[in-house]
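Listed below are the residues making up each chain.
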Number of protein chains: 2
Amino acid sequence: MERILTMERVRATYRIETPLDVHAAAESLAGEQSSGTFVEVPGEDEALRNRFRARVEGVTELDASESPALPGSRPPGTNFRRADVTISWSVENFGYNLPTLVSTLQGNLYELAQFSGLKLMDFEVPPSFADRFRGPAFGVVGTRRLTGVEGRPLIGTIIKPSVGLSPEQTAGFVGELAEAGVDFIKDDELMADPPHSPFGERVSAVMDVLRRHADRTGKRVMYAFNISGELEAMHSHYDMIVKAEGTCAMVSINSVGLSAVKAVCDRGQLAVHGHRNGWGMLNRHPLLGIDFRAYQKLWRLAGVDQIHVNGIANKFWEPDDSVVHSIESCLQPFLDGFSVLPVVSSGQWGGQAPETWRRTQTVDLLYMAGGGIMAHPDGPAGGVRALRQAWEAAVTGVSLNEAARSHPELAKSIAKFGEKR
Amino acid sequence: MERILTMERVRATYRIETPLDVHAAAESLAGEQSSGTFVEVPGEDEALRNRFRARVEGVTELDASESPALPGSRPPGTNFRRADVTISWSVENFGYNLPTLVSTLQGNLYELAQFSGLKLMDFEVPPSFADRFRGPAFGVVGTRRLTGVEGRPLIGTIIKPSVGLSPEQTAGFVGELAEAGVDFIKDDELMADPPHSPFGERVSAVMDVLRRHADRTGKRVMYAFNISGELEAMHSHYDMIVKAEGTCAMVSINSVGLSAVKAVCDRGQLAVHGHRNGWGMLNRHPLLGIDFRAYQKLWRLAGVDQIHVNGIANKFWEPDDSVVHSIESCLQPFLDGFSVLPVVSSGQWGGQAPETWRRTQTVDLLYMAGGGIMAHPDGPAGGVRALRQAWEAAVTGVSLNEAARSHPELAKSIAKFGEKR
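Residues numbered from 1 in each chain as written. Chains lettered and ligands numbered in written order. Predicted model: local features only at pLDDT ≥ 70, side-chain atom pairs only at ≥ 80, totals over all residues. Heavy atoms only, no water.

### Quick notes on the overall build of chain A
Selection criterion: Put simply, DSSP H or I for four residues or longer makes a helix, DSSP E for two residues or longer makes a strand, and each gets a number counted from the N terminus. Radius of gyration: over C-alpha atoms. The globule rule applied is 2.2 Å multiplied by the number of residues raised to the 0.38 power. Only protein chains enter the accessibility calculation, which uses a 1.4 Å probe; a residue whose area is less than 20% of its type maximum is buried, one above 50% is exposed, and one in between is partly exposed. Here, two residues are considered to be in contact whenever any of their heavy atoms come within 4.5 Å of each other. We treat Lys and Arg as the positive residues and Asp and Glu as the negative residues; His and chain ends play no part in the count. In this description, the location of a charge corresponds to atom NZ of lysine, CZ of arginine, CG of aspartate or CD of glutamate.
In terms of regular secondary structure, chain A is built from 19 helices and 13 strands. The globule rule puts the C-alpha radius of gyration for 421 residues at 22 Å, and the 24 Å found for chain A is close to it. For chain A, the spread of C-alpha atoms along the principal axes amounts to about 75 × 45 × 40 Å. Scored against the burial criterion, the 421 residues of chain A give a buried share of 66%. A separation of at least 24 residues holds for 76% of the contacts in chain A among residues at least 6 apart in sequence. Computed over 43 positive and 51 negative side-chain charges, the inter-centroid distance for chain A is 4 Å.

Okay, structure coming up:
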């Protein structure tokens, strides 16, 4: 094993901006993230350094800027060079330890004065990671199996208002939404176990409705209960979902953090819905943070089954190209599998189905709409039908306006939501 | 309790930049983080909304910019207004749940197109949080008690090289550093439980040396073993430290994440050393992410006893003003206590002691030096002595050059490191 470890390497690509020569800057990154300190110290002998030092594997110089993207770089100047650089580390440096992998890939390097910009774009791990990490227990196939939905996107929605409903009120909406034909429902990320909706009571009320619905119709609606919280509470809430025959737990992955999310995923009895709230902080700046391609790999290693990607023409800041890139990242096999289901959301109502299909050519999506379902003129049932009609039209190459002629629910969606943007 | 909860509020201050009127932008933030969706939906009744909606408590308009700090805001334009805005939420919205508090304070809001910049600057929680969270089990007083150091900063150092040393080699250095009189030693954040230094073997080898040192001298050197990893491993590694009579566990707080860090802190048998690697990603941009004042409060709520703040004239990008602000944030009482010890590091050698003292007027610091101790011309013992001499001079108002006349170790430090910057 020692032999394998010393030969296997993790590779990461960064987009950097630096007032220095880009090759020198890349070397300083590699040094800091393996054995750097500000003076040579006795004991750092050459053999050790060669075995454990990070290597610069490639540098592709890009454009330059006259002003720095971030403050604090040294020396000052008017030429900030940009480049994509690839660095590699021996797996021996950290072993199979996700938080320490993260500290290596994304640790102190954002603070280095050698950079005026730095973003982790992507990383690759060797195949041996598949022996040490199971990855998502459900992913695309498992989520489809749990819900019985094949050949089209799962249609999902969110309980609104985000906060304030009692367990009984929530269950009331859930019943209505299940009747409407929705495949998936989730708690809001702002609501986990508050005094007005204690977790256990909510599970009990909601699953009561969904079990009866399943008995009557054969359809198992997936409900993602937000278990985000302290570790013990998350475990006990997970148990409650399992016991009530639920199929999914939701976690705010950034807020809960990697080690606890992995502990939840490791249990493997429920699909884990990864809500990425807080993501904008990590990604919105083009030269700071982490690209979604790298981000989603970390969570697939942890075992998250479903992960948010925003949607085409979303209500947030994110451009369509970025959304498409995120969906494609999720659908790319990782370690020969580690399948994760992209969760499309934010301002969706069906109008975005044709463009989503055109650019991604996939129906392996959990397609979420809040207002787009709840505020449909015919009520939620009309909203769900309209979404399915929009997707069917998109996949068969029929325009939405054409499809609307024979699909009144879609026609009403277009009339109500089509002018919004 | 319900009554108390509905009266108590959490308040947060953000620095925002927006193409909109700053008041309107603040209202949209409050809406998104309590009950927002893109259309009014049935069920969002007025009474619920009033009880649970976030409130804009204050808006202080600042300057404006002709170009946006971050991409993607709408509408486009050439006037991006900046303001400090204060928002409040009823505790009833989330209960006492740290990850959900984080999702509320720092969730989707960074993605809102209404903002071209947004940073969480500070937050306040009501006194009832002190009943539900213990906070740091050790903090300043506890760390001093465990190490027996009073009246001056604790002098600490880091094992270098960061990666590659065997447990025996590490223990060899530890022996030398203990002899040198150091109060505190830590693992590097890049090194937790790798194949070349299995955690248990390192604890055993290091604690063997430190126990013998304590028996001989009465001085208990604190060693922060890096337990960052999967949850189960962290617990078993924690047990190993306790069993070997160690006093401290280190966690890479950003990489491990809030829920698992809290689970570690909750055990309360060891001081928890919070390494903030990755912090640059969250803070380096002036209008994105989170200010240290807010950040350190989250970790004090979780129970971290020691937290990194960089140092004056550090080797990273961070300006001195920011470092001073961080130290002051740590020393400010929170919930009438929740004491946390600021860990000063990065390029420190003693030369920064006068300025650190002048600006913070505190010796409640863990003052870390790597090369500044290890590379001292007289060896580590000289390095530690020089650091203590520098601090003694600083506190008594004697200049370093004057102190160096009667303190040869300090004189050698000045000669070796004084020209570095």
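Moving on from the model shown.
### Focus: the sheet that holds strand 4 (residues 117-124) of chain B
All names here are of chain B. The following threshold applies: Strand pairing follows a simple DSSP-based rule, namely that at least 2 bridges must link the two strands. All axes are obtained by fitting lines to C-alpha atoms, using only the stretch in contact for helices, and the reported angles, taken between N-to-C directions, cover 0 to 180 degrees.
Here 5 strands make up an open sheet; going across it, the order is 2-3-1-4-10 and the pairing mixed. In this open sheet, the two edge strands, each paired with only one partner strand, are strand 2 (55-65) and strand 10 (288-290). Averaged over all adjacent pairs, the angle separating strand axes in this sheet is 15°, with direction ignored. In the sheet, strand 1 (residues 9-18) pairs with strand 3 (residues 80-90) via 10 bridges, with the strands oriented antiparallel. When the bridges of strand 3 are listed, Arg11 appears paired with Ser88. Across the sheet, helix 4 (residues 98-106) lies against strand 1, strand 3, strand 4 and strand 10, angled at about 35° from strand 1, the strand it touches most.

### Thoughts on the relation of the copies chain B and chain A
Cut-off, in case you're wondering: What sets the superposition is a least-squares fit of C-alpha atoms, and only residues with pLDDT of at least 70 in both copies go into it.
Each copy of the sequence occupies a distinct position, and chain B is placed on chain A by a rotation of 180° and an axial shift of 0.0 Å, giving an RMSD of 0.0 Å. The two molecules are tied by a two-fold rotation axis, judged by turn and shift. When C-alpha distances to the rotation axis are compared across chain B, the minimum falls at B:Gly257, with a value of 1.8 Å. Both copies share a contact surface, since 100% of the interface residues of chain B are interface residues in chain A too.

### What to know about the sheet that holds strand 12 (residues 341-344) of chain A
All names here are of chain A. Read around the closed barrel, 8 strands run 5-6-7-8-9-11-12-13, paired in parallel fashion. Strand-to-strand twist in this sheet, taken as the mean axis angle between neighbours without regard to direction, amounts to 25°. Bridging between strand 11 (residues 306-308) and strand 12 involves 3 bridges; their strand directions are parallel. Among the inter-strand pairings, His308 is bridged to a residue of strand 12, identified as Val343.

### A few points about the packing of aromatic side chains
Note the cut-off: Each aromatic pair joins two rings of Phe, Tyr and Trp (for Trp, the six-membered one) with centres within 6.5 Å, and gets the label stacked for planes under 30 degrees apart, edge-to-face for over 60, and tilted for any other angle. Look at NZ for Lys and CZ for Arg. If either is within 6 Å of the ring centre and within 35 degrees of the ring normal, a charge sits over the ring.
The tally for this structure, following the rule as stated, stands at 22 aromatic pairs over all chains. Aromatic pair B:Phe334 and B:Phe338: ring centres 5.9 Å apart, planes at 75°, arrangement edge-to-face. The class of B:Phe334 is buried, set by a relative accessible area of 4%. Judged by relative accessible area, which is 10%, B:Phe338 ranks as buried. An aromatic cluster of three or more residues is present, and its members are A:Trp279, A:Phe292, A:Tyr295 and A:Trp299. Here the basic side chain of B:Lys297 rests over the ring of B:Phe123, its NZ or CZ set 5.9 Å away from the ring centre.

### Brief notes about the interface of chain B and chain A
Condition: Once two parts are joined, some of their accessible surface, as seen by a 1.4 Å probe, is lost; buried area is that loss totalled over both. By convention in these notes, a salt bridge is any Lys or Arg side-chain nitrogen within 4 Å of a carboxyl oxygen on Asp or Glu. Here a polar contact is taken to be a pair of N or O atoms separated by no more than 3.5 Å, where protein atoms must pair a possible hydrogen donor with a possible acceptor and residues adjacent in sequence count only if both atoms sit in side chains. Residue type decides the class: Asp, Glu, Lys and Arg count as charged, Ala, Val, Leu, Ile, Met, Phe, Trp, Tyr, Cys and Pro as nonpolar, and the leftover types, Gly among them, as polar.
Opposite the 102 residues of chain B that make contact, chain A presents 102 residues. Between chain B and chain A, the buried area comes to about 8200 Å², and carbon and sulfur atoms account for 59% of it. Counting the contacts that link chain B with chain A gives 4 salt bridges. As a salt-bridge pair, A:Glu32 and B:Lys315 come within 3.3 Å of each other at their nearest N and O atoms. At the boundary of chain B and chain A, one finds 42 residue pairs in polar contact (both at pLDDT 80 or more). Here the element with the most residues in the side of chain B that touches chain A is helix 4 of chain B; it accounts for 6 residues. Per-class residue counts for the side of chain B that touches chain A are 43 nonpolar, 39 polar and 20 charged.

### Points about the domain arrangement of chain A
All names here are of chain A. Let me state the cut-off plainly: The source of the domain bounds is an automatic or database domain assignment.
One can read the domain layout of chain A as domain 1 (2-132) and domain 2 (139-420). Between the C-alpha centres of domain 1 and domain 2 there is a distance of 35 Å. Facing 25 residues of domain 1, the contacting portion of domain 2 comprises 20 residues. Contact between domain 1 and domain 2 buries roughly 1800 Å² in total, counting both sides, with carbon and sulfur atoms accounting for 71%. It is Leu98, Lys119 and Phe123 that lose the most area in domain 1 upon contact with domain 2, and together they represent 34% of the buried surface on that side. The interface formed by domain 1 and domain 2 includes 2 salt bridges.

### Digging into the packing of helix 4 of chain B against helix 13 (residues 292-302) of chain B
Residue and element names in this part refer to chain B. Heads up, the condition is: If an angle is under 35 degrees, it is roughly parallel; if it is over 145, roughly antiparallel; if it lies from 65 to 115, roughly perpendicular; otherwise it is oblique. The crossing is said to be left-handed when, going from far helix to near helix, the turn is anticlockwise and less than a right angle, and right-handed when the turn is clockwise.
Following both chains from N to C, one finds helix 4 and helix 13 inclined at 165°, their axes separated by 11 Å at the closest point. In terms of axis orientation, helix 4 runs roughly antiparallel to helix 13. For helix 4 against helix 13, the interelement crossing comes out right-handed. Across the interface between the two elements, Leu98, Leu101, Val102 and Gln106 of helix 4 pack against Leu298, Leu301 and Ala302 of helix 13. Residues belonging to the contact of helix 4 with helix 13 are distributed by class as follows: 6 nonpolar, 1 polar and no charged.

### Points about the pattern of salt bridges
All names here are of chain A. This model, assessed by the stated rule, comprises 50 salt bridges over all chains. The salt bridge involving Glu57 is made with Arg55; its shortest N-O contact spans 3.6 Å. A salt bridge links Arg267 to Asp239; the shortest N-O distance between them is 2.4 Å. Of this pair, Arg267 sits in the loop between helix 11 (258-265) and strand 9 (271-275) while Asp239 sits in helix 9 (residues 231-243), and the two are 28 residues apart along the sequence. By relative accessible area, which is 26% here, Arg267 ends up partly exposed. Of the residues examined, Asp239 reaches a relative accessible area of 39% and is grouped as partly exposed. Three or more residues are tied together by salt bridges with common partners; here these are Arg9, Arg55 and Glu57.

### Topic: helix 9 (residues 231-243) of chain B
Helical periodicity: at 3.6 residues per turn, an α-helix aligns residues three or four positions apart in one direction. Residues and elements named next belong to chain B. So the rule is basically this: Expected helix span is given by 1.5 Å per residue-to-residue step, counting one fewer step than there are residues. Arc, as used here, means the arc of the directions from the helix axis to the C-beta atoms.
A rise of 1.5 Å per residue sets the reference length of helix 9, with its 13 residues, at 18 Å; its end C-alpha atoms lie 18 Å apart and thus fit the reference within 8%. The complete set of buried residues in helix 9 reads Leu231, Met234, His237, Tyr238 and Ile241. Angular distribution of buried residues about the axis of helix 9 spans 125°; they occupy a single face of the element. Structural note: helix 9 exposes Glu232 and Lys243 on the side pointing more than 90 degrees away from its buried face.

### Comments concerning the environment of A:Val344
Residues and elements named next belong to chain A. With respect to the helices and strands, the residue Val344 is situated in strand 12. As a C-alpha pair, Val344 and Ala369 span 25 residues in sequence and 8.5 Å in three-dimensional space. Among all residues touching Val344, those that are not within four sequence positions of it are Val309, Asn310, Gly311, Ile327, Leu365, Leu366, Tyr367 and Met368.

### Some words on the confidence of the model for chain A
For the record, the criterion: The quantity known as pLDDT measures the predictor's confidence residue by residue, on a range of 0 to 100.
Taken residue by residue, chain A gives an average pLDDT of 94. The fraction at 70 or more is 95%. Here the complex is predicted with pTM 0.96, and the ipTM for its interfaces comes to 0.96.

### Re unusual backbone geometry
In this structure, the amide linkage connecting A:Lys160 to the following residue, A:Pro161, adopts the cis form with an omega of 0°. Within the secondary structure, A:Pro161 sits in the loop between strand 5 (154-158) and helix 7 (167-180). Cis geometry marks the peptide bond from B:Arg74 to B:Pro75; its omega dihedral reads -5°. With respect to the element layout, B:Pro75 can be found in the loop between strand 2 and strand 3. In this model, A:Asn310 sits at a positive phi of 60°, which is unusual for a non-glycine residue. On the secondary structure map, A:Asn310 appears in the loop between strand 11 and helix 14 (320-331). The class for A:Asn310 is buried, based on a relative accessible area of 4%.

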